[in-house]
2 protein chains.
Amino acid sequence: MTTTKVSSELLNLIRRNSSFLIVGHINPEADSLGSSLALALGLRKMGKRDICVLSRDPVPENLRFLPSSKKVKLKPPRREFDVLFIVDCNDPERTGFKGLRAAKTAVIDHHVLPAGAGKSGFYRSLSASLIDPDAAATGVLVYKVLTALGIPIDKNMAENLYAAILVDTGGFRYSNSSPESLKIASSLVEAGAKPWDITKDVYESIPFRSMKLLGLSLSTLEKKDGVAWITTTRAMFRKAGATAEDSEDFVDYPRKVKGIDVAVFFRQDGMKSFKISLRSKGRVNVQKIAKRFNGGGHVAAAGCTVNGTLKEVQEKVLKAVRAALKGS
Amino acid sequence: MTTTKVSSELLNLIRRNSSFLIVGHINPEADSLGSSLALALGLRKMGKRDICVLSRDPVPENLRFLPSSKKVKLKPPRREFDVLFIVDCNDPERTGFKGLRAAKTAVIDHHVLPAGAGKSGFYRSLSASLIDPDAAATGVLVYKVLTALGIPIDKNMAENLYAAILVDTGGFRYSNSSPESLKIASSLVEAGAKPWDITKDVYESIPFRSMKLLGLSLSTLEKKDGVAWITTTRAMFRKAGATAEDSEDFVDYPRKVKGIDVAVFFRQDGMKSFKISLRSKGRVNVQKIAKRFNGGGHVAAAGCTVNGTLKEVQEKVLKAVRAALKGS
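Rules used throughout
Residues numbered from 1 in each chain as written. Chains lettered and ligands numbered in written order. Predicted model: local features only at pLDDT ≥ 70, side-chain atom pairs only at ≥ 80, totals over all residues. Heavy atoms only, no water. Helix = DSSP H or I, 4+ residues; strand = E, 2+ residues; numbered from the N terminus. Rg over C-alpha atoms; globule rule 2.2 N^0.38 Å. Buried < 20%, exposed > 50% of the residue type's maximum accessible area, 1.4 Å probe, protein only. Contact = heavy atoms within 4.5 Å. Areas by Shrake-Rupley, 256 points an atom, 1.4 Å probe, with all protein chains shown as cover. Lys, Arg positive; Asp, Glu negative; His and termini not counted. Charge placed at Lys NZ, Arg CZ, Asp CG, Glu CD. Least-squares fit on C-alpha atoms with pLDDT ≥ 70 in both. Polar contact = N/O pair within 3.5 Å; in protein donor to acceptor, adjacent residues only side chain to side chain. Salt bridge = Lys/Arg side-chain N within 4 Å of Asp/Glu carboxyl O. Axes fitted to C-alpha atoms, helices over the stretch in contact; angles between N-to-C directions. Parallel < 35°, antiparallel > 145°, perpendicular 65-115°, else oblique. Left-handed = near helix turned anticlockwise from the far one by under 90°. Nonpolar A, V, L, I, M, F, W, Y, C, P; charged D, E, K, R; others polar. Pairing = 2+ DSSP bridges. Buried area = accessible area lost by both parts, 1.4 Å probe. 1 Å grid on protein atoms, 1.4 Å probe; cavity = no way out; pocket = protein on both sides within 12 Å on 5 of 7 lines; lining within 4 Å. Points joined across faces, edges and corners; volume = space filled by probe spheres on them. Expected span 1.5 Å × (residues − 1). Phe/Tyr/Trp six-rings, centres within 6.5 Å; stacked < 30°, edge-to-face > 60°. Lys NZ or Arg CZ within 6 Å of the ring centre and 35° of its normal.

(A) Structural view of the overall build of chain A. Within chain A, the secondary structure is distributed over twelve helices and eleven strands. The C-alpha radius of gyration computed for chain A amounts to 22 Å, which stays within 12% of the reference 20 Å derived for 328 residues, consistent with globular compactness. Seen through its principal axes, chain A has C-alpha atoms that stretch 65 × 45 × 40 Å. Out of the 328 residues belonging to chain A, those deemed buried represent 55%. Once local pairs closer than 6 in sequence are excluded, the contacts in chain A between residues at least 24 apart make up 63%. With the model as given, the accessible surface of chain A reaches about 14400 Å², and the carbon-plus-sulfur share is 49%. Chain A carries 51 positive and 33 negative side-chain charges, and their two centres are separated by 3 Å.

Right, dumping it as structure tokens:
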């Protein structure tokens, strides 16, 4: 059963059981880890002794400051737990583990359920859940669960939840920065979360190689007909000693250019192969553009891979973007 | 008289008068303008008809979205007003106007008063004030004044106040992002402020020339012994078609490099003249370093001008930074 409110089923599931396995999604970010860890800390505060936070992938370097993150396990313990909590995703496959089992299963998540999911075997088997796509972050939902249980939020829980909400709202910048998320953030700072310390770890700890690569890439910035684009070549990766991972949010820079509608990032992966990231500021649906090159994504953020020389690839992609802008 | 709480003197000063001149500081940013405009909108909502918002410098391009900002006057009207409000500064000189006069004067500000200021003639002459250095922004204080007056915050006031608080807390990142500022932000979003729209205008409208210049400058990034630095040369300004104004926050980029203690930005102003910006992540007081070169600033942010070739200037400044780091 799924609900968008903290249900008595969910609260009783926690109150009446004693061992809990908590798992987020693969490639975990602050919302997945922060929500899992805050839930674990809350359950411990209630006196539960057997709690395991599990993640298929290790805690990323910039999130190792999250309190208790050292206790995250990468392999499921052999013993069986009373309750399995699936957090910040609503599909067991997204956890990256096969056959995780417990006597009872519950989901806490803010992602939209796939169409018809409510009727599937997995959702019908849930003992309880809290699935609310209107919540800014899963951290908001875990905060609600903990306060509904009457658990006082301590500094460690607050830091985990603050990081979760901070990252999923883009630092309280995206349109999901709701009154509720800001109000909860206020309570979390009151409970001891330090915005600047968390910001420093999350946003101000960029590896030197990544910043160097950004400079080289941003030097290629061009703009024409409402489109701004940058390129990262293999030579630049070599010069900066960097890898693809270091260029993760580079498309945000052309996106910030004033007066443009679409931003494009060309990343050279092979001699004649480019990974393309597309961002729209609202006028066009970049998912449609990416689809033309067998890619995918959302209305405002999409991607694809295109083969050819840089010149060929840029011509093809920019032509498609301009056509989309003309048609809009 | 100065107080850190909304006093009955301040409320009565507003209630009992009918014409108001509101002025912020020179080079106004979102807190100065947003606070002034929100106060003006609130007074108008109370039925006051004669209100003028004054600024020595024009509204910067990226703040023209602030509701009512078109009504900002750059020259003081000739008529006399009942009340002069000095906002987001507490020294009449900071307004950039000489001899502004009204029957009564009041200050609303969150900057620290100069030592002994309370006893000066200006402060003794104030009819009322609200000066609270613990407030994250002057916008917080204007919000308190408006709510104490029982004025319902509408969308236009909310957008002005949200922008004010957003910018002065560095997007809710700095350590002044207090529970109070986040709670007020929550109410402002509830009242109609749109975080993403305001963010787009404030943080995502960077001129192309400025972004291009950032790329060229960031390509020069170097790091050694806990110091990261970048340089912008006159050739880069020419290549990007940019001016010094376009490089305003460039020092933030070396500051974001992981594991460094001090960030330095070298900006070539003349053939043999460099403007230096220094930022500390906490270990050293960069004001002391800047002072050695006849500059000034704060513990964490300081600047100075040094003459010589780029090589000479970099050697001198980096040597001083390294010495400070060794001594810390």
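Having seen it, we continue.
(B) Region of interest: the relation of the copies chain B and chain A. Overlaying chain B with chain A gives an RMSD of 0.1 Å, the required rotation being 180° about an axis along which the chain moves by 0.0 Å. Interpreted geometrically, this transformation is the action of a two-fold axis. The C-alpha atom lying nearest the rotation axis in chain B is that of B:Gly215; the distance is 2.3 Å. Interface residue correspondence from chain B to chain A reaches 100%, placing this contact among same-surface, isologous pairings.

(C) Seen up close, the side chain of B:Glu204. Assignment of secondary structure puts B:Glu204 in the loop between helix H7 (195-203) and helix H8 (208-218). Since its relative accessible area comes to 4%, B:Glu204 is described here as buried. Polar contacts involving the side chain of B:Glu204 include one to the side chain of A:Arg255, which spans 2.7 Å. Those residues within four positions of B:Glu204 in sequence are excluded, and the remaining contacts are A:Arg255, A:Lys256, A:Lys281, B:Trp196 and B:Thr199.

(D) Looking closely at the pattern of salt bridges. For the structure shown, the criterion picks out 22 salt bridges over all chains. A salt bridge links A:Asp269 to A:Arg267; the shortest N-O distance between them is 2.8 Å. On the basis of relative accessible area, A:Asp269 is assigned to the partly exposed category, the value being 36%. Each of A:Glu204, B:Asp252 and B:Arg255 takes part in one network of salt bridges that share partners.

(E) Focus on the packing of helix H5 (residues 155-168) of chain A against helix H7 (residues 195-203) of chain A. Residue and element names in this part refer to chain A. For the pair H5 and H7, the least separation of the axes is 11 Å and the interaxial angle reads 55°. Classified by the angle between their axes, H5 and H7 sit oblique to one another. For the pair H5 and H7, the crossing hand works out as right-handed. Facing H5, whose interface residues are Glu159, Tyr162, Ala163, Leu166 and Val167, H7 presents Pro195, Ile198, Thr199, Val202 and Tyr203. When its residues are assigned to classes, the contact of H5 with H7 shows eight nonpolar, one polar and one charged.

(F) A look at the sheet that holds strand E8 (residues 262-270) of chain B. All names here are of chain B. Taken in spatial order, the six strands make up an open sheet running E6-E7-E8-E9-E11-E10, and their pairing is mixed. At either end of the open sheet lies a strand with only one pairing partner, and these are strand E6 (222-224) and strand E10 (296-297). Note: E10 against strand E11 (residues 301-307), two bridges, orientation antiparallel. Note on E11: the bridge partner recorded for Gly296 is Gly303.

(G) Fine view of the interface of chain B and chain A. Contact with chain B, which involves 43 residues of that partner, is made by 43 residues of chain A. Surface buried jointly by chain B and chain A totals about 4100 Å² across both partners, of which 61% is contributed by carbon and sulfur atoms. For chain B, the biggest contributors to the area lost against chain A are B:Arg173, B:Glu204 and B:Phe208; these three give 18% of the whole. At the junction of chain B and chain A, the tally comes to four salt bridges. The partner of A:Glu61 in a salt bridge is B:Lys258, and the shortest N-O contact between them spans 2.6 Å. Across the chain B-chain A interface, the total number found is 21 residue pairs in polar contact (both at pLDDT 80 or more). Of the residues that constitute the side of chain B that touches chain A, the class distribution is 20 nonpolar, ten polar and 13 charged.

(H) Layout of the layout of surface pockets. Residues and elements named next belong to chain A. Taken as a whole, the second largest pocket encloses approximately 260 Å³ of empty space. If you trace the second largest pocket, you find 17 residues lining it, with Leu84, Pro92, Gly99, Leu100 and Phe122 closest to the centre. Those elements that provide at least two residues to the lining of the second largest pocket are strand E3 (81-87), strand E4 (102-109) and helix H3 (121-125). Top contributing element to the lining of the second largest pocket by residue count: E4, with four residues. By residue class, the composition of the lining of the second largest pocket is eight nonpolar, five polar and four charged.

(I) Quick peek at helix H6 (residues 179-190) of chain A. Residues and elements named next belong to chain A. In a regular helix each residue adds 1.5 Å, so twelve residues correspond to 16 Å; H6 covers 17 Å between its end C-alpha atoms and thus fits that length. Turning to H6, its buried residues number three or more, namely Ser181, Leu182, Ile184, Ala185, Ser186, Leu188 and Val189. Downstream of H6 by a residue or two, Gly192 has a phi angle that is positive, lying close to 125°.

(J) Broad picture of the packing of aromatic side chains. Under the definition given, this model contains eleven aromatic pairs over all chains. Consider the rings of A:Phe122 and A:Tyr123, whose centres lie 5.0 Å apart with planes at 75°: the pair is edge-to-face. Between A:Phe172 and B:Phe172, the aromatic rings sit 6.1 Å apart at their centres with planes inclined by 85°, giving edge-to-face as the arrangement. Highlighted residues: A:Phe172 in the loop between H5 and H6 and B:Phe172 in the loop between helix H5 (155-168) and helix H6 (179-190), drawn from two different chains. The pair formed by A:Phe172 and B:Phe172 is uniform in burial state, with each residue classed as buried. Connected via pairs of aromatic rings, a cluster forms that spans A:Tyr162, A:Phe172, B:Tyr162 and B:Phe172. When the ring centre of A:Tyr253 is taken as origin, the NZ or CZ atom of A:Lys256, which lies over that ring, is 5.1 Å away. Sitting over the face of the ring of A:Tyr203, B:Arg173 holds its NZ or CZ atom 4.0 Å from the ring centroid.

(K) Spatial organisation of the packing of helix H4 (residues 138-148) of chain B against H6(B). All names here are of chain B. Where H4 contacts H6, the two axes come as close as 11 Å, and the packing angle between them is 60°. In this view, H4 runs oblique relative to H6, as classed from their interaxial angle. Crossing handedness for the pair H4 and H6: left-handed. Residues Val140, Tyr143 and Lys144 of H4 lie in contact with H6, whose contacting residues are Glu180, Ser181, Ile184, Ser187 and Leu188. For the contact of H4 with H6, the residue count by class is four nonpolar, two polar and two charged.

(L) Molecular detail of empty space enclosed by the protein. All names here are of chain B. Taken as a whole, this structure holds one cavity of 30 Å³ or more when the rule is applied. Within this model, the largest cavity holds a volume of roughly 40 Å³. Around the largest cavity, the lining residues are Gly24, His25, Pro28, Ser32, Leu33, Ser36, Val53, Leu54 and Ser55. At the level of elements, helix H2 (30-45) and strand E2 (50-54) are the ones that each hand at least two residues to the lining of the largest cavity.

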